[in-house]
Amino acid sequence: MQTLSYESLQAEHAWMLVCDQLQQRNNVLAKSISHMERDPKELPMASRLIILRYHLKMSLRQLTQAARQTGLQSHSRLAAQWEHVHQLFFLLRQIDSELGRASNENHNLRSCLKALDGRVYRSALVHLN
């Protein structure tokens, strides 16, 4: 049985925030891909976004699978949980960075992202720093 502590609740809260943000990025990527696929000239950018979305999903799957395989004691479990949160946050920053680079290179994508909800990029990141 796992003991409940303030530290474990903090780690769980951080995990929920970063997972929510990653899901929002997945949604942004899906909408952006759909938008870019409407114009044949934008298919190279759509392909780039598809690869980015694939990277997000595969990395998330690998990190989650690795986190589930650890059978640690409670103090080590908390450290492993925080490590998992930080790995997910690093993935989130990678996705944001690549999406930002792509939008700087493509006006159509930049317009699409501006039309999407801006809170996707701001809401929970303050809590994770």
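For clarity, every value in this text was computed on a predicted model and none was experimentally measured.

**Student:** Where do I start with the overall build of the protein chain in this structure?
**Tutor:** Helix and strand counts for the protein chain stand at 5 helices and 0 strands. Counted from the first residue to the last, the protein chain has its helices and strands arranged as α-α-α-α-α. Going through the 129 residues of the protein chain one by one, you find that 34% of them count as buried. Long-range contacts, defined here as pairs at least 24 residues apart, represent 78% of the contacts in the protein chain between residues at least 6 apart. In the form shown here, the protein chain has an accessible surface area of approximately 8400 Å², with 56% of it arising from carbon and sulfur atoms.

**Student:** Even after reading the chapter, I still don't get the nonpolar core, so can you show me in this structure?
**Tutor:** One recurring pattern in soluble globular proteins is that nonpolar side chains are buried together. Core analysis: the largest hydrophobic core is formed by 22 residues, its most contacted members being Leu29, Leu49, Leu99 and Leu109. Where this core is concerned, the elements lending two or more residues are α1 (6–37), α2 (43–68), α3 (74–105) and α4 (107–115). Broken down by element, this core gets its largest block of residues, 7 residues, from α3. Leu29 has contacts with Leu49, Leu52, Arg53, Leu56, Ile95 and Leu99, leaving out every residue within four places of it along the chain.

**Student:** For this particular structure, what's the right way to read α4?
**Tutor:** Every α-helix winds through 3.6 residues per turn, so residues three or four apart in the chain are directed the same way. Of the positions making up α4, those classed as buried are Leu109, Cys112 and Leu113. Projection of α4 onto a plane perpendicular to its axis shows the buried side chains occupying an angular sector of 95°, all on one side. Exposed residues pointing more than 90 degrees away from the buried face of α4 are listed as His107, Lys114 and Ala115.

**Student:** How should the side chain of Ser103 be read in this particular structure?
**Tutor:** Relative to the helices and strands, Ser103 resides in helix α3. Its relative accessible area of 11% is what places Ser103 among the buried residues. Only 3.0 Å separates the side chain of Ser103 from the backbone oxygen of Gly100, close enough to count as a polar contact. The residues contacting Ser103, other than those within four sequence positions of it, are Leu109, Arg110 and Leu113.

**Student:** For this particular structure, what's the right way to read the confidence of the model for the protein chain?
**Tutor:** Any residue range with low pLDDT should be treated as having predicted coordinates unsuitable for detailed reading. Taken over all residues, the pLDDT of the protein chain has a mean of 86, while the share at 70 or more is 83%. Ranking the elements of the protein chain by mean pLDDT puts helix α5 (residues 125–128) last, at 47, and α1 first, at 93.

**Student:** Can you walk me through the pattern of salt bridges in this structure?
**Tutor:** Any two side chains of opposite charge can pair, on the condition that their charged atoms come close. Tallied over the full model, the rule gives 4 salt bridges. Between Asp96 and Arg25 there is a salt bridge, with the nearest N and O atoms lying 2.5 Å from each other. Of the two residues, Asp96 sits in helix α3 while Arg25 sits in helix α1, which places them 71 residues apart along the sequence. With a shortest N-O distance of 2.9 Å, Arg101 and Glu98 are connected by a salt bridge. Taken together, the residues span about one helical turn, with Arg101 and Glu98 both in helix α3 at a distance of 3 residues. Note on Arg101: relative accessible area 42%, which makes it partly exposed. Residues joined in a network through salt bridges with shared partners are Arg48, Glu98, Arg101 and Glu105.

Cut-offs and rules
Residues numbered from 1 in each chain as written. Predicted model: local features only at pLDDT ≥ 70, side-chain atom pairs only at ≥ 80, totals over all residues. Heavy atoms only, no water. Helix = DSSP H or I, 4+ residues; strand = E, 2+ residues; numbered from the N terminus. Buried < 20%, exposed > 50% of the residue type's maximum accessible area, 1.4 Å probe, protein only. Contact = heavy atoms within 4.5 Å. Areas by Shrake-Rupley, 256 points an atom, 1.4 Å probe, with all protein chains shown as cover. Core = buried A, V, L, I, M, F, W, Y, C linked by side-chain atoms within 4.5 Å. Arc of directions from axis to C-beta. Polar contact = N/O pair within 3.5 Å; in protein donor to acceptor, adjacent residues only side chain to side chain. pLDDT = per-residue confidence, 0-100. Salt bridge = Lys/Arg side-chain N within 4 Å of Asp/Glu carboxyl O.

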